[in-house]
Amino acid sequence: GESVGLHLPTLSVQEGDNSIINCAYSNSASDYFIWYKQESGKGPQFIIDIRSNMDKRQGQRVTVLLNKTVKHLSLQIAATQPGDSAVYFCAETRGGGNKLVFGAGTILRVKS
Amino acid sequence: GAVVSQHPSRVICKSGTSVKIECRSLDFQATTMFWYRQFPKKSLMLMATSNEGSKATYEQGVEKDKFLINHASLTLSTLTVTSAHPEDSSFYICSARPGTSGRAGSPDTQYFGPGTRLTVL
């Protein structure tokens, strides 16, 4: 069936280092992707999105890369800070009102 | 922009009672709202999709008579857990989708509320 999954369930990084969180998706019809950050006891927070007509998009300290050839999505966080510690979810959908499909989530732990 | 609120943030109730959770889009109109359930250390599980003025669409395995959804306006959707039991204890999260481009961003983006922790004794 269709799925969105993550390669690494837990990622530990040193404060100040860059973090890379990966995501694989299987639905080649998906054309819109979102990364969310969820802190403990809170709802998911939108970080960045990308459409399938792009392969890279940058935000503040974050970059999302999309490789449609291998159906791979990644989130790069520059100069990781303790406040970045959270669970990160990728989500994919086909535009036009379809529902989001979420990945399993990656726990990011930042060591000071 | 794109702020979604939920109320209450936490509720404890006795088995057999009903609980209503409200989801509001504060600074945009949401043509569609979604209700999710999340278990500890797990991903979000979509329960139902709610369009303003029409009946909600429930995911397979979700009892529509137990989880009543009302989307009365473009800024408010409610989820009522009827005759709640301990197994209904969970973290319930709503999201709202703008439906049109504008200040709230892409029409396909979902913005999430802070969640409601339900504990049924």
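The coordinates are above.
These numbers come from a predicted model, not from an experiment.

1. Remarks on the interface of chain A and chain B
1) Next: Taken together, the contact pairs 21 residues of chain A with 19 residues of chain B.
2) Next: Summed over both sides, the interface between chain A and chain B buries roughly 1,400 Å², with carbon and sulfur atoms accounting for 53% of that surface.
3) Next: Ranking the residues of chain A by area buried against chain B places Pro44, Lys99 and Phe102 of chain A at the top, with a combined share of 30%.
4) Next: Taken together, chain A and chain B are joined by 1 salt bridge.
5) Next: Salt-bridge contacts for Lys99 of chain A lead to Glu59 of chain B; the nearest nitrogen and oxygen are separated by 2.7 Å.
6) Next: Put simply, chain A and chain B have 6 residue pairs in polar contact (both at pLDDT 80 or more) between them.
7) Next: Secondary structure elements with two or more residues in the side of chain A that touches chain B: strand 4 (32-38) and strand 5 (45-51) of chain A.
8) Next: The leading source of residues in the side of chain A that touches chain B is strand 4 of chain A, at 4 residues.
9) Next: Counted by class, the side of chain A that touches chain B contains 9 nonpolar, 8 polar and 4 charged residues.

2. Quick notes on the nonpolar core
1) Next: Val4, Phe28, Trp35, Phe67, Leu79, Tyr92 and Leu118 of chain B are the most contacted members of the largest nonpolar core, which totals 26 residues.
2) Next: Of all the elements in the fold, those that place two or more residues in this core are strand 2 (10-13), strand 3 (19-25), strand 4 (32-38), strand 5 (44-51), strand 7 (67-73), strand 8 (76-81), strand 9 (90-97) and strand 11 (116-120) of chain B.
3) Next: With near-sequence residues (within four places) excluded, Leu79 of chain B lies in contact with Val19, Lys20, Ile21, Trp35, Phe67, Leu68, Ile69 and Tyr92 of chain B.
4) Next: Judged by nonpolar contacts, the second largest core, of 20 residues, contains Val13, Ile48, Ala86 and Val110 of chain A.

3. Comments concerning the pairing of strand 9 (residues 86-93) of chain A
Residues and elements named next belong to chain A.
1) Next: Within strand 9, 7 of the 8 residues are buried, leaving the element largely enclosed by the surrounding structure.
2) Next: Where strand 4 meets strand 9, 7 bridges bridge the pair, whose relative direction is antiparallel. Residue pairing in the sheet places Ile34 in a bridge with Ala91 of strand 9.
3) Next: Both strand 9 and strand 11 (residues 106-111) contribute to a ladder of 3 bridges, which runs antiparallel. What sits directly across from Ala86, in strand 11, is Leu108.

4. Some remarks on the pattern of salt bridges
Residues and elements named next belong to chain A.
1) Next: Counted under the stated rule, the structure contains 5 salt bridges over all chains.
2) Next: Taking the shortest distance from any N to any O, the salt bridge between Asp84 and Arg61 comes out at 2.9 Å. Residue Asp84 is located in the loop between strand 8 (72-77) and strand 9, and its partner Arg61 is located in the loop between strand 6 (56-58) and strand 7 (62-67); the two are separated by 23 residues in the primary sequence.
3) Next: A residue is classified by how much of its surface remains accessible, and Asp84, at 6% relative accessible area, is buried.

5. Some details on the state of the cysteines
1) Next: As enumerated under the stated definition, the model contains 2 disulfides over all chains in all.
2) Next: Paired by a disulfide, Cys23 of chain A and Cys90 of chain A hold their sulfur atoms 1.9 Å apart. Between Cys23 of chain A and Cys90 of chain A the sulfur-sulfur dihedral comes to about 55 degrees; the bridge is accordingly right-handed. With Cys23 of chain A in strand 3 (residues 19-25) and Cys90 of chain A in strand 9, this pair connects stretches of sequence that are 67 residues apart.
3) Next: The partner cysteine of Cys23 of chain B in its disulfide is Cys94 of chain B, sulfur to sulfur 2.0 Å.

6. A few points about unusual backbone geometry
The bulk of non-glycine residues show a negative phi, and the bulk of peptide bonds are trans.
1) Next: Residues His7 of chain B and Pro8 of chain B are joined by a peptide bond in cis, for which omega reads 0 degrees.
2) Next: As for its position among the elements, Pro8 of chain B is in the loop between strand 1 (4-7) and strand 2.
3) Next: A positive phi angle is found at Lys71 of chain A, which is not glycine, with a value near 55 degrees.
4) Next: Here Lys71 of chain A is to be found in the loop between strand 7 and strand 8.
5) Next: Taking the relative accessible area as the measure of exposure, Lys71 of chain A reaches 26% and is therefore partly exposed.
6) Next: In this model, Lys41 of chain B sits at a positive phi of 60 degrees, which is unusual for a non-glycine residue.
7) Next: Structurally, the position occupied by Lys41 of chain B is in the loop between strand 4 and strand 5.

Definitions and cut-offs
Residues numbered from 1 in each chain as written. Chains lettered and ligands numbered in written order. Predicted model: local features only at pLDDT ≥ 70, side-chain atom pairs only at ≥ 80, totals over all residues. Heavy atoms only, no water. Contact = heavy atoms within 4.5 Å. Buried area = accessible area lost by both parts, 1.4 Å probe. Salt bridge = Lys/Arg side-chain N within 4 Å of Asp/Glu carboxyl O. Polar contact = N/O pair within 3.5 Å; in protein donor to acceptor, adjacent residues only side chain to side chain. Helix = DSSP H or I, 4+ residues; strand = E, 2+ residues; numbered from the N terminus. Nonpolar A, V, L, I, M, F, W, Y, C, P; charged D, E, K, R; others polar. Core = buried A, V, L, I, M, F, W, Y, C linked by side-chain atoms within 4.5 Å. Buried < 20%, exposed > 50% of the residue type's maximum accessible area, 1.4 Å probe, protein only. Pairing = 2+ DSSP bridges. Disulfide = S-S within 2.5 Å.

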